[in-house]
Amino acid sequence: MNTPTALIADDEPLLRERLRELLKHTWPELNIVAEARNGREAVEAANEKSPDIAFLDIRMPVMGGVEAARLLCVDTRVVFVTAFEEYALAAFDAGAVDYVVKPVEPERLERTVQRLKVALHHPPTDLNKLLKQIAPHLKPPAPEHLRWIRASVGASIRLVAVEDVLFFNSDEKYTRVVTVGGEVLIRRSIKELLDELDPANFVQVHRATIVNLRRIERVDRTDTDNLDLRMRDNNEVVRVSRSYTHLFRQM
């Protein structure tokens, strides 16, 4: 097997340094190929370096560790690092995702390293499925809505902030993610997106379309009594299906 690689993501430099030094003693062969200050930097670094392992702090600015984990490539094993004991759940011990509690103790890290060495010789577990199982147990129980869209653009990976999306429009194969700056295509259904988007900001207006309420400039009623949405900084007209016109009666 090739030399194993890892990235460390934590917004506190001293904690990143401590974990790096502990790993150097616990697993000398491990090559730390990148460090990140938040989840977004972690995802970008992972896309560039393709590490075998990602040590992710659960609570980070811009993007937290759980959300970043959802965006990592399927071959990256995840270890969550947390300062809060309530995150140290038995659910982690049952799957491919592991955890260590701050301040990281050498004995606990040693157990994690041994598990990772074994895991690297087996196909990775479906991380998204496992994160959904863990999510209800995380405290505080506030819902974590989708904040970033991960899209392939040629040979690169692009991260699109959900708040920048004007609307999503799907056909049978792809979903268009339309922003002021352009659009990308993703392989996610409208139903999947609707389950993860914040319902206070995103609503379905057609069986194949979700719009960002904050990006609507005006609502026009047509001669046939349909509704058309005019989005800010975009020339496309988004048609509202009759089943959803009640959403705009007060607008």
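The following paragraphs examine the structure supplied in this document. (Residues numbered from 1 in each chain as written. Predicted model: local features only at pLDDT ≥ 70, side-chain atom pairs only at ≥ 80, totals over all residues. Heavy atoms only, no water.)

### Some thoughts on the pattern of salt bridges
So, point 1. Applying the stated criterion across every chain, the model contains 18 salt bridges.
So, point 2. Note that aspartate 220 and arginine 230 form a salt bridge whose closest N and O atoms lie 3.1 Å from each other. Here the residue aspartate 220 occupies a position in strand 13 (residues 216-221), and arginine 230 occupies one in strand 14 (residues 227-231), the gap between them amounting to ten residues.
So, point 3. Among the ionic contacts, a cluster of salt bridges with common partners joins Asp10, Glu12, Asp57 and Lys102. (Salt bridge = Lys/Arg side-chain N within 4 Å of Asp/Glu carboxyl O. Helix = DSSP H or I, 4+ residues; strand = E, 2+ residues; numbered from the N terminus.)

### Structural notes on unusual backbone geometry
Phi is mostly negative for residues that are not glycine, and the peptide bonds are mostly trans.
So, point 1. Of the consecutive residues lysine 102 and proline 103, the connecting peptide bond is found in the cis state with omega at -10°.
So, point 2. Position of proline 103 relative to the elements: it lies in the loop between strand 5 (98-101) and helix 5 (106-119).
So, point 3. With phi around 70°, valine 62 is a residue other than glycine that occupies positive phi space.
So, point 4. Relative to the helices and strands, valine 62 is located in the loop between strand 3 (53-57) and helix 3 (65-71).
So, point 5. Using a relative accessible area of 40% as the deciding quantity, one classes valine 62 as partly exposed. (Buried < 20%, exposed > 50% of the residue type's maximum accessible area, 1.4 Å probe, protein only.)

### Quick look at the packing of helix 1 (residues 13-26) against helix 5
So, point 1. Here helix 1 crosses helix 5 at 65°, and the two axes come no closer than 10 Å. Relative to helix 5, the crossing made by helix 1 is right-handed. Packed against helix 1, whose contacting residues are Arg18, Leu19, Leu22, Leu23 and Thr26, the element helix 5 presents Pro106, Leu109, Glu110 and Val113 at the interface.
So, point 2. Considering only residue class, the contact of helix 1 with helix 5 consists of six nonpolar, one polar and two charged. (Axes fitted to C-alpha atoms, helices over the stretch in contact; angles between N-to-C directions. Left-handed = near helix turned anticlockwise from the far one by under 90°. Contact = heavy atoms within 4.5 Å. Nonpolar A, V, L, I, M, F, W, Y, C, P; charged D, E, K, R; others polar.)

### Topic: the sheet that holds strand 3
So, point 1. In space, the five strands of this open sheet follow the order 2-1-3-4-5, with parallel pairing throughout. Of all the strands in the sheet, just strand 2 (31-36) and strand 5 have a single pairing partner and so form its edges. Averaged over neighbouring strand pairs, the angle between their axes works out to 20° when direction is ignored.
So, point 2. Direction of pairing for strand 1 (residues 5-9) relative to strand 2: parallel, over a ladder of five bridges. Across the sheet, residue threonine 5 finds its bridge partner in strand 2, namely asparagine 31.
So, point 3. Sitting on the sheet, helix 2 (residues 39-49) is in contact with strand 1, strand 2 and strand 3, with an inclination near 145° to strand 2.
So, point 4. The strands touched by helix 5 within the sheet are strand 3, strand 4 (77-82) and strand 5, with strand 5 carrying the most contacts at an inclination of about 165°. (Pairing = 2+ DSSP bridges.)

### Things to note about the side chain of asparagine 234
So, point 1. Looking at where asparagine 234 falls in the secondary structure, it is placed in the loop between strand 14 and strand 15 (237-240).
So, point 2. A polar contact is formed between the side chain of asparagine 234 and the backbone nitrogen of glutamate 236, at a distance of 2.8 Å.
So, point 3. Those residues in contact with asparagine 234 that lie beyond four places of it in its chain are Leu166, Phe167 and Val178. (Polar contact = N/O pair within 3.5 Å; in protein donor to acceptor, adjacent residues only side chain to side chain.)

### Some words on the sheet that holds strand 12 (residues 209-212)
So, point 1. The five strands are arranged 10-9-8-12-11 in an open sheet whose pairing can be described as antiparallel. Because the sheet does not close on itself, it has two edges, and the strands there are strand 10 (182-186) and strand 11 (202-206). With strand direction ignored, the average angle separating the axes of adjacent strands in the sheet is 20°.
So, point 2. In this sheet, strand 10 lies alongside strand 9 (residues 175-179) in antiparallel orientation, the contact comprising five bridges. Bridged to threonine 175 within strand 10 is isoleucine 186.

### Considering the environment of leucine 194
So, point 1. Take leucine 194: it is sitting in helix 7 (residues 190-196).
So, point 2. Between the C-alpha atoms of leucine 194 and leucine 146, which are 48 residues apart in sequence, the distance is 9.5 Å.
So, point 3. For leucine 194, the contacting residues outside a window of four places in its chain are Gln204 and Ile210.

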